[in-house]
Amino acid sequence: MIGESVHRLEDPPLLRGDARFVADISFPNEAHLRVVRSEVACGEIVDIDVSEALRADGVVGVWTGEDLAAVPPIDFRQIGYDELLPYRQTVLARGSVRYVGEPVAIVVAEDAYMAEDIAELVIVDIEPLDLAPVEAMVLEGEYGLVDQAFCEAHHVLDLELTVGRHSGIPMETRGLIARPDPETGRLELHGASKVPHYTCAAISTMLNLDPHTVVGRECAVGGGFGIRGELYPEDVLVAWAALQLNRPVKWIEDRREHLIAANHSRDQRHRVRAAVDQDGFITAVDDEFWYDQGAYVRTHGATVPSLTAAMLPGPYAFPAYRSRGHIVLSNKTPAGTYRAPGRFEATFVCERVVEAAARAAGLDPVSVRRRNLIWPEAMPFDRQLSVLGTSVVLDSGDYPRILDRLIDHIEFEQLETDLARRRSEGEQVGLGIGMFVEKSGLGPFDDVEITVRDDGSVEVVTGAASVGQGIETVIAQICADDLDMDYRNIEVVHGQTDRISRGMGAFASRVTVMTGSATRFATDAVKDVARDLAANMLEASVEDLEYRAGAIGVRGQPDRSLTLAEVGSASGGELRAKASFTTDHMTYPYGAHAVVVVVDPHTGQVEIERYVVAYDVGRAINPMLIEGQIQGGAAQGIGGALLEDFLYDGVGQPLVTSFMDYLMPTASETPAVEVLLSEDAPSPSNPLGVKGAGEGGTNACGAALATAIEQAIGRPGAVTDLPVTPSMIKALMKAAPAGG
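Note that the structure is predicted; figures quoted are calculated from it, not measured.

Draft legend 1. Structural detail: the pairing of strand β2 (residues 43-49). Relative to strand β4 (residues 96-97), β2 runs antiparallel, the two being bridged by two bridges. Its bridge partner lying in β4, G43 is registered against V97. Bridge count for β2 against strand β6 (residues 123-128) is six bridges, and the pairing is antiparallel. By the bridge assignment for β6, D49 is matched with I123.

Draft legend 2. Looking closely at the sheet that holds strand β25 (residues 575-582). Judged by pairing direction, the sheet is mixed, and its four strands sit side by side in the order β21-β20-β19-β25 without closing on themselves. Two strands in the sheet have a free side with no partner beyond their single neighbour: β21 (490-493) and β25. Strand-to-strand twist across the sheet, computed as the mean angle between neighbouring axes with direction ignored, equals 20°. Inspection of the sheet shows strand β19 (residues 445-452) paired to β25 by eight bridges, in the antiparallel sense. Following the sheet pairing, V448 is matched in β25 by A579. Most of the contacts of helix α13 (residues 471-483) go to β21, to which it runs at about 130°, and overall it touches β19, β20 (458-462) and β21. On the sheet, helix α14 (residues 511-538) packs against β19, β20 and β25 and is oriented at approximately 145° with respect to β25.

Draft legend 3. Structural view of the pattern of salt bridges. For the structure on display, the rule yields 60 salt bridges. For R322, the salt bridge goes to D286, with nearest N and O atoms at 2.9 Å. Here R322, found in strand β15 (residues 320-329), pairs with D286, found in strand β14 (residues 282-294); they are 36 residues apart in sequence, far enough to count as distant. Accessibility expressed as a relative area gives 16% for D286, which makes it buried. Residues R370 and D404 are paired through a salt bridge, measuring 2.5 Å at the closest nitrogen-oxygen approach. Here R370 is found in helix α10 (residues 365-372), whereas its partner D404 is found in helix α11 (residues 399-409), with 34 residues between them in sequence. With relative accessibility at 26%, the residue R370 sits in the partly exposed group. A relative accessible area of 29% means that D404 is categorised as partly exposed. One continuous salt-bridge network, built from bridges that share partners, spans R34, R37, E116, R174, E234, E253, D254 and E257.

Draft legend 4. Fine view of the sheet that holds strand β24 (residues 557-563). The strand order β22-β23-β24 describes an open sheet built from three strands, whose pairing is antiparallel. This sheet does not close on itself; its edge strands, each paired only once, are β22 (545-548) and β24. The mean inter-strand angle of the sheet, taken between neighbouring strand axes irrespective of direction, is 35°. Packed on one face of the sheet, α14 meets β22, β23 (551-554) and β24 and runs near 45° to β23.

Draft legend 5. A look at the environment of T515. Within the fold, T515 resides in helix α14. Accessibility expressed as a relative area gives 0% for T515, which makes it buried. Counting along the chain gives 343 residues from T515 to E172, while the straight-line C-alpha distance between them is 26 Å. Side-chain polar atoms of T515 contact the side chain of D446, separated by 2.3 Å.

Draft legend 6. Just α11, in detail. Considered for burial, the residues of α11 that qualify are Y399, P400, I402, L403, L406 and I407. Seen end-on, α11 carries its buried residues on one side only, within an arc spanning 165°. Taken from the residues just after α11, E411 is the one with a positive phi, measuring 50°.

Draft legend 7. View of unusual backbone geometry. Residue P380 is bonded to the preceding M379 through a cis peptide linkage, with omega at -5°. Mapped onto the elements of the fold, P380 is located in the loop between α10 and β16 (381-387). Cis geometry marks the peptide bond from G443 to P444, where omega comes out at 10°. Inspection of the secondary structure puts P444 in the loop between β18 (429-437) and β19. Positive phi is not limited to glycine here, since R266 has a value of about 65°. You can see R266 is positioned in strand β13 (residues 265-276). Assessed through its relative accessible area of 0%, R266 is described here as buried.

Analysis parameters
- Residues numbered from 1 in each chain as written.
- Predicted model: local features only at pLDDT ≥ 70, side-chain atom pairs only at ≥ 80, totals over all residues.
- Heavy atoms only, no water.
- Pairing = 2+ DSSP bridges.
- Helix = DSSP H or I, 4+ residues; strand = E, 2+ residues; numbered from the N terminus.
- Axes fitted to C-alpha atoms, helices over the stretch in contact; angles between N-to-C directions.
- Contact = heavy atoms within 4.5 Å.
- Salt bridge = Lys/Arg side-chain N within 4 Å of Asp/Glu carboxyl O.
- Buried < 20%, exposed > 50% of the residue type's maximum accessible area, 1.4 Å probe, protein only.
- Polar contact = N/O pair within 3.5 Å; in protein donor to acceptor, adjacent residues only side chain to side chain.
- Arc of directions from axis to C-beta.

Here it is as structure tokens:
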């Protein structure tokens, strides 16, 4: 089953309309919550008048920050530093507000429409203040002789680069139902969460509850992309209100709320220097960057800037490297992770440096890339940097080969000749290439429990979660491969916190590596248990037994065997086993993008004529699902590179509050993506050899498109900012050619 492009188990209920999203779920006596939000970006709260709202028909309750003063701020899930503790967010604002969209009060009513109307009766008096940016902390990392490299450099490059503010916009907005269960005394949380065990534990801590009484119930999810599933103020507010009222409380976010209140991402400004020798070899990179975290530091802590700093060198050897990252608090919506967090930005910067190095040395960029790559014989390659609690050790890879595969596939020399001819005929057309290294398989553990039922079907229970990535299919394939059975007879249970005692959820492209490896260990454990039990039943020694076609049999005697279900039934119950997979290091998939664009000289509009992604995942469990992940990731990367940008005015008011303003790629802007899937470098760090596949389609989009646009308009080195909008392109075409 491993390596087969079988159909997804998740799809039939989605296609039939049977899948239940949080908005589809309701309970008797359910009340509805609405959040009253600040319309001021920075100010002191003078008064919140709830008197009229409390008199409204249908109102159940109205609360402000003073009512929830005992609830602590939301803590960090990843990479929290003491310097960031003062910037955590309370669930409702108290005393002051720091961004438009910050929750200042909640209204609960008998239905959602009443709640929305009543929320408008809450009068919030805020005295506006000047915007108040503050630098929270600086992250530093370094290896090699940076200063010496610059002293000895043949060329010294200086670049200033920015990546705009954008975010994942899933089809389904956020939502949650909190339901107190009077029979069990538990509080059930129904909704989509990429980290259900963490979410339940954090809410129980914040609300001073027994952790065993808060239970997560994951339902269908309409997209994750990093932005959804973290612990937001609204999640705690829904749970708190349900406990106060002792009845189910439901909250479904509208699209405007999502655009101004759910985590933004990116928004980095880099000042990078590079030392280059006469042959185009980059001897040192010195990068200083400023990351706009927004108004508060949420659960991700310093994850995004840490990933930028640690992953910026990508696939290149860079003998010396220094990074200095400033985490800046502003009066914008708080920021968090979004598909390829920190790496979309870092790859843009790194590839801009490589292109500039090629121009400085008078060489073609492909040869400069090849000259700077880490070669396979150097693997595993210790970056002498760390992130997410683990050192960055590139586990395996053949970076020159993936570049060669891409170059061969696009017939690079002929393509360059054709594009040059088209430019000579007046077309503005260009080719861009970008290479990258991703990270995946974040530990430290994943658990799996397997049960063989009486009918021979198998249940796999895991502490992972679904974000639409195909977890049920992939885990079923791994289980079926080892147990030699039909993957459709395997049910994968996830996101139900009372079914398994601990779980890490789904983030950082970790599920196939971590949950998949735990599944492989658990299937081995099932077979071991079955052999021990079957030995007495078959009157044979364990050494004489073998596993074959879903049964335990005596070696050399095909008529003496018992199925797993028969072994479990004869032993007095279902056959069960559990296993864990632990690791201290991540895996590092890698790849390269190539894109051909045509620029309209009159409008500055970019048309993508061809898009190719070459990607090595170590070992592909389901190639079709990986291709889908890459294609979807490329669409999001294209959006961030060409269209999407959260803009604010001078007083912190968001200028993007609907799809009239926030431009996203449609079918017209999204090309067919050619995927070159590679399995050249299986990871030695897990039993399956797999690496994650969720973020490679996004990573190098900005880098490749920037180069393609420059070539198309004849302005090498001109693109320094993402997104590259039509107005920006027209301005670049009017400007003098960049020297680079």
